[in-house]
Amino acid sequence: MTRLRLPRPATIAVGKTARALTRVRGGSGSAFPGLVVERLDPSFLAAVLAQLPRGVVVVSGTNGKTTTTKMVVELLRGQGLRVFTNRSGSNFTRGVVASMLGEISPTGKLEADIAVLELDEAHAVHFVRAVNPQYSLLLNVMRDQLDRFGEIDSTAALLRTIAEHTSEGVVLNREDSRIAAIADSLGSQKVRYFGLAAELRAHFPSDDELHGVAAKDEATRPEADVLLTGLGNQQGTFRIGGEEITTDLTVNGAYNIYNAAAALALVRMVLGETVDRDALLDSLRRASPAFGRGESLTVRGQPLDLVLVKNPSGFRLGLSSFSAEGVATMIAINDNYADGRDMSWLWDVGFDSLAEGGVAMVSGVRTYDMALRLTYDEVSIAAVEPELAKALDEFLAAHPDTPKRIFCTYTAMLALRQHLGTYTEVEAFN
Amino acid sequence: MTQHAPADKQIRVLQLYPRDMNIYGDYGNALVLMRRIQWHGFTPVMLSYNPGDEFPEAPDILIGGGGQDSGQDRIQQDLLGLGDRLRSLAEEHTPMLMVCGLYQLFGHFFETRDGSRISGIGVLDVETYGTDNRLIGNVVSESADFGRIIGYENHSGQTYLGPTATALAEVVVGEGNNQRDSHEGARFRNVLGSYLHGALLPKNPAIADFLIGTAVERKFGEGLGPLKAPQSSPETLQRLTELAREAASARPR
Ligand SMILES: [Zn+2]
């Protein structure tokens, strides 16, 4: 491998100027400065990342990569490492370049020990060809955004490419058959797994199991380095190496707690023997989910949970992670590009768990697709209102004394968060 | 299920290969048939057939969906073994709905990009060619038999009708069978093939009631009465369906 030279100071200066200009114009957009730099120096990204003493770690998969990336970053920072990380954005490499421009010195030095990057499957091949990560964590492959990828198997192939281009070690989800199978095509890389104890698997049905595909039996599963063995309310029990540990957590929901197991396994692989166990558990306890993913707000004295749903498995997990009892439920479904245009996925989610209490409000562009879905599952609906802000006002007014939960697709969540800002303080989302 | 019809008024719905050929919400078609059979005053019975199973006796309606390439590979040999039985059910006017992957395999063959041919069972006079082009997006089509049909397509195989096949519908928005002509789906007797997911039946109850009505007519010699769906929302089921169809037809591709 040829040694990459640091980018020239002139490139950095131009990039930083472009970034400053974009900011002054009020844009949060990262594409422009990233584009400028890529034009001037196509190897900019690889060159800056190559100087990091502990290299590059990537996290990918359909569900949970934002929260898992955030947890990995917090766990590593808890070990005293300086971590460079990216926020997910529309154009991956340009987004990373733009975040870099904010942090590198004029001579091209990035003050970090390691980079932890959230990598969208769509950008995987382009990225790993430019930068070989030292470590990768592959979470799952589920039906999502089929508009863009076509089929689950081709998404799995994109993740396999990440693993094949990873130099040191790969952490795989033992319970996802397509992810676990990636191990078969790997050569010299270390492979480790995170997994679920048998009795917890019912909480995490896969797309295949929904239609009755039998799961692998216990004996054929590889050993997991980190195993989730117990779930509580904001509490998890993990078997880490040989040791069983129960700990309180800031994240909630079965799904995020399983992501914590993934983050632990990755950090253990990256740090090896040097990991400080007590600091690790302390960081784990404090790690919080990424904005919008299972976010809890207080509105007029009552809790309100926003649960992002973007595919059938995520929706099923959202429904099974939180009890519907005593909660007023709203569902908001949009079909904008970022949500995915296809509504077929709603038919791969069962809504029986909402049958007893019914649904208080259905909203979003695809209000009536959702209403039909609930009707065919014999779930009653109190109100329908496609316009999100109006629906939210009515929903809040109709249930002043009850905790509330809103299941929403991505763009519906953005709109609802913005309107919630008129009721309560909502952190900026970028 | 909330109401009970006499057991002798059973309508038996057979899902073909639900394990391997059931993605993109095609389960919705099965669910809609079950509920509407019940709301028409009959007793729905759901049957399923997966590779190697014994073929269930006397199915009244057959449905099948789309799958991954890997799923298609797993069922293909088994399906050929059912060919005679399915062809004679089709000849006897049994109502069927085959979506996407099974629509393709109900035709003569699927020719892959490298020229190798996967045989189908030839119930429908259609042939399919694999392409590098995935046709994806909302579809609005017009059918002489069923009115406006609305759905969502997602396929890279492109299908062409032979001389004895008729199209299910003509595309208004979207691609349908292929990028060259405007046909969507195919029909032979009461066998319907279509590329449309969505799922198809929730937003196109005319097709659901055609399948049910045909089954009821064949089995009991009577016509379908009005649908008695319980009203569980501010709007009736019929109104919800109209509103869902309006919203879907107004969306970008
Ligand atoms: Zn399909």
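A quick note: this is a predicted structure, and the numbers were derived from the prediction, not measured.

**Student:** Pulling in residues and values, what's your account of the overall build of chain A?
**Tutor:** The number of helices and strands found in chain A is 16 helices and 15 strands. The burial tally for chain A puts 58% of its 430 residues in the buried class. The long-range fraction of contacts in chain A, counting pairs at least 24 apart against all pairs at least 6 apart in sequence, stands at 73%. Accessible surface for chain A amounts to roughly 17200 Å². Of this, 50% is attributable to carbon and sulfur atoms.

**Student:** Go over the packing of helix α6 (residues 121-130) of chain A against helix α8 (residues 152-164) of chain A with me, naming the residues and quoting the values.
**Tutor:** Residue and element names in this part refer to chain A. The N-to-C vectors of α6 and α8 enclose an angle of 30 degrees; their axes lie 9 Å apart at closest approach. Regarding α6 and α8, the two cross each other, and that crossing is left-handed. Only Thr155, Leu158, Leu159, Thr161 and Ile162 of α8 make contact with α6, whose side of the interface consists of Glu121, Ala124, Val125 and Val128. The class makeup of the residues in the contact of α6 with α8 is six nonpolar, two polar and one charged.

**Student:** How would you explain the coordination of the zinc ion if you had to name every residue and give the values?
**Tutor:** All names here are of chain B. Within the protein, the zinc ion binds to Cys100 (SG) and His197 (NE2); these donor distances fall in the range 2.1 Å. With cysteine 100 in the loop between β4 (96-99) and α3 (101-105) and histidine 197 in the loop between β12 (191-194) and α4 (200-203), this pair connects stretches of sequence that are 97 residues apart. A relative accessible area of 8% places cysteine 100 in the buried class.

**Student:** Outline the side chain of Thr69(A), supporting the account with residue identities and numerical values.
**Tutor:** Residues and elements named next belong to chain A. For threonine 69, the position within the fold is in helix α4 (residues 65-78). Here threonine 69 falls in the buried class, since its relative accessible area comes to 3%. When residues no more than four places from it in sequence are discounted, the contact partners of threonine 69 are Val59, Thr85, Val116, Leu117 and Glu118.

**Student:** Please set out the pattern of salt bridges residue by residue, giving values where relevant.
**Tutor:** All names here are of chain A. Summed over the entire model, instances satisfying the criterion amount to 34 salt bridges over all chains. Residues aspartate 113 and arginine 82 are paired through a salt bridge, measuring 3.1 Å at the closest nitrogen-oxygen approach. Of this pair, aspartate 113 sits in the loop between α5 (92-103) and β3 (114-118) while arginine 82 is found in the loop between α4 and β2 (83-85), placing the two residues 31 residues apart along the sequence. In this structure aspartate 113 comes out as buried when scored by relative accessible area, which is 15%.

**Student:** Just give me the short version of the interface of chain B and chain A, but keep the residues and values in it.
**Tutor:** Every contact between the two is made by 42 residues of chain B and, on the other side, 36 residues of chain A. Roughly 3400 Å² is buried in total at the junction of chain B and chain A, and carbon and sulfur atoms are behind 55% of that figure. The largest share of the area that chain B buries against chain A comes from Tyr24(B), Gln68(B) and Arg251(B), three residues that together contribute 17% of it. At the junction of chain B with chain A, the criterion picks out three salt bridges. As a salt-bridge pair, Arg251(B) and Asp335(A) come within 2.7 Å of each other at their nearest N and O atoms. Remark: the boundary between chain B and chain A carries nine residue pairs in polar contact (both at pLDDT 80 or more). Looking at the side of chain B that touches chain A, the elements that each hand over two or more residues are α1 (27-39), α2 (69-91), β7 (126-143), β8 (147-161), α4 and α6 (237-249) of chain B.

**Student:** Can you lay out α5(A) for me, pointing to particular residues and giving the numbers?
**Tutor:** Given a rise of 1.5 Å per residue, twelve residues ought to cover 16 Å, and the 17 Å separating the end C-alpha atoms of α5(A) matches this to within 8%. Within the span of α5(A), buried status applies to Phe92(A), Thr93(A), Gly95(A), Val96(A), Val97(A), Ala98(A), Met100(A) and Leu101(A).

**Student:** Outline helix α11 (residues 254-271) of chain A, supporting the account with residue identities and numerical values.
**Tutor:** With 18 residues, α11(A) extends 26 Å between its outermost C-alpha atoms, agreeing within 8% with the 26 Å of an ideal straight helix rising 1.5 Å per residue. Across the 18 residues of α11(A), 17 count as buried, placing the element largely inside the fold.

**Student:** Give a description of the confidence of the model for chain B that names residues and reports values.
**Tutor:** Residues and elements named next belong to chain B. Mean pLDDT for chain B: 93, with 97% of residues reaching 70 or above. Considering only residues more than four positions removed or in separate chains, one finds that residues 1-5, a stretch of pLDDT under 50, has twelve contacts. Interface confidence in the predicted complex, given as ipTM, is 0.95; pTM for the same model is 0.75.

**Student:** Give a detailed account of the UniProt feature "domain: CobB/CobQ-like glutamine amidotransferase" (unreviewed entry) in chain B, specifying residues and quantitative values.
**Tutor:** When the UniProt feature table is mapped onto this chain numbering, "domain: CobB/CobQ-like glutamine amidotransferase" (unreviewed entry) sits at residues 15-204 of chain B. The span residues 15-204 of chain B shows a helical share of 24% and a strand share of 37%, and its end C-alpha atoms are spaced 19 Å apart.

**Student:** Now, about the packing of aromatic side chains: what can you tell me, with residues and values included?
**Tutor:** Counted by the stated rule, this structure contains 13 aromatic pairs over all chains. Relative to Tyr258(A), the ring of Phe194(A) lies with its centre 5.2 Å away and its plane at 50 degrees, an arrangement referred to as tilted. With Phe194(A) in strand β6 (residues 190-196) and Tyr258(A) in helix α11, the pair connects residues that are 64 residues apart, well separated along the chain. On the accessibility criterion, Phe194(A) (1% relative accessible area) is buried. Judged by relative accessible area, Tyr258(A) falls into the buried class, the value being 6%. Consider the rings of Phe146(B) and Phe210(B), whose centres lie 5.1 Å apart with planes at 70 degrees: the pair is edge-to-face.

**Student:** Any details on the nonpolar core? Residues and values, ideally.
**Tutor:** Formed by 92 residues in total, the largest nonpolar core has its most connected members in Phe315(A), Ile331(A), Phe351(A), Leu16(B), Ile61(B), Leu86(B) and Phe106(B). If you look at the next biggest cluster of nonpolar residues, it comprises 47 residues, including Val83(A), Leu137(A), Ala261(A) and Leu284(A).

**Student:** So what's going on with the pairing of β7(B)? Which residues, and what values?
**Tutor:** Residues and elements named next belong to chain B. As paired elements, strand β5 (residues 109-111) and β7 share three bridges and run parallel to each other. Residue pairing for β7: glutamate 111 is matched across the bridge by tyrosine 129. Strand direction decides the pairing type here: β7 and β8, joined by 14 bridges, are antiparallel. Residue pairing in the sheet places glycine 137 in a bridge with glutamate 153 of β8. Counted along the chain from β7 to the antiparallel partner β8, the turn is three residues long.

Cut-offs applied
Sequence order as written defines residue numbering, which begins from 1 separately in each chain. Here the convention is simple: chains get letters from A, ligands get numbers from 1, in the order in which they are written. In view of the model being predicted, local features appear only for residues whose pLDDT reaches at least 70, and side-chain atom pairs are presented and counted only at 80 or more, with totals across whole chains, interfaces and linings using the full set of residues. Computation of side-chain values: all heavy atoms of the structure, hydrogens and water removed. The way it works is that DSSP assigns letters per residue, a run of H or I at least four long becomes a helix, a run of E at least two long becomes a strand, and they are numbered from the N terminus. Burial classification: accessible surface area is computed with a 1.4 Å probe over protein chains only, and a residue below 20% of its type maximum counts as buried, one above 50% as exposed, and the rest as partly exposed. Contacts are residue-level and defined by heavy atoms, with any inter-residue pair within 4.5 Å sufficient. Computed with the Shrake-Rupley method and a 1.4 Å probe, the accessible areas treat only the protein chains shown as cover for residues. The axes used here are C-alpha line fits, helices contributing only the stretch in contact, and every angle between their N-to-C directions lies in the interval 0 to 180 degrees. Take the far helix as your reference; a near helix turned counterclockwise from it by less than a right angle gives a left-handed crossing, and one turned clockwise gives a right-handed crossing. In the scheme used here, Gly and all other residues not listed as nonpolar or charged are polar, with Ala, Val, Leu, Ile, Met, Phe, Trp, Tyr, Cys and Pro taken as nonpolar and Asp, Glu, Lys and Arg as charged. Coordination here is defined by N, O and S atoms within 2.8 Å of the metal (3.2 Å for Na, K and Ca), and since water is not considered, a site can look incomplete. Between Lys or Arg on one side and Asp or Glu on the other, a salt bridge is scored when a side-chain nitrogen of the former is within 4 Å of a carboxyl oxygen of the latter. Throughout, the accessible surface (probe 1.4 Å) given up by two parts as they are put together, summed over both, is called the buried area. As used in this structure description, the phrase polar contact means that two N or O atoms lie within 3.5 Å; if the pair is within protein, one of them must be able to donate a hydrogen and the other to accept it, and residues adjacent in sequence are counted only when both atoms belong to side chains. Expected span of a helix, by definition, is 1.5 Å for each gap between consecutive residues, and there is one gap fewer than residues. pLDDT expresses, on a scale from 0 to 100, how confident the predictor is about each individual residue. UniProt positions are given in the numbering used here, feature names are shortened, and annotations may be inferred rather than shown by experiment. Ring geometry is summarised as follows: Phe, Tyr and Trp rings, the Trp one being its six-membered ring, pair when their centres sit within 6.5 Å, and such pairs are stacked at plane angles under 30 degrees, edge-to-face over 60 and tilted between the two. In this text, buried Ala, Val, Leu, Ile, Met, Phe, Trp, Tyr and Cys residues form a nonpolar core when linked through side-chain atoms within 4.5 Å. In this analysis, strands are considered paired if DSSP registers two or more bridges between them.

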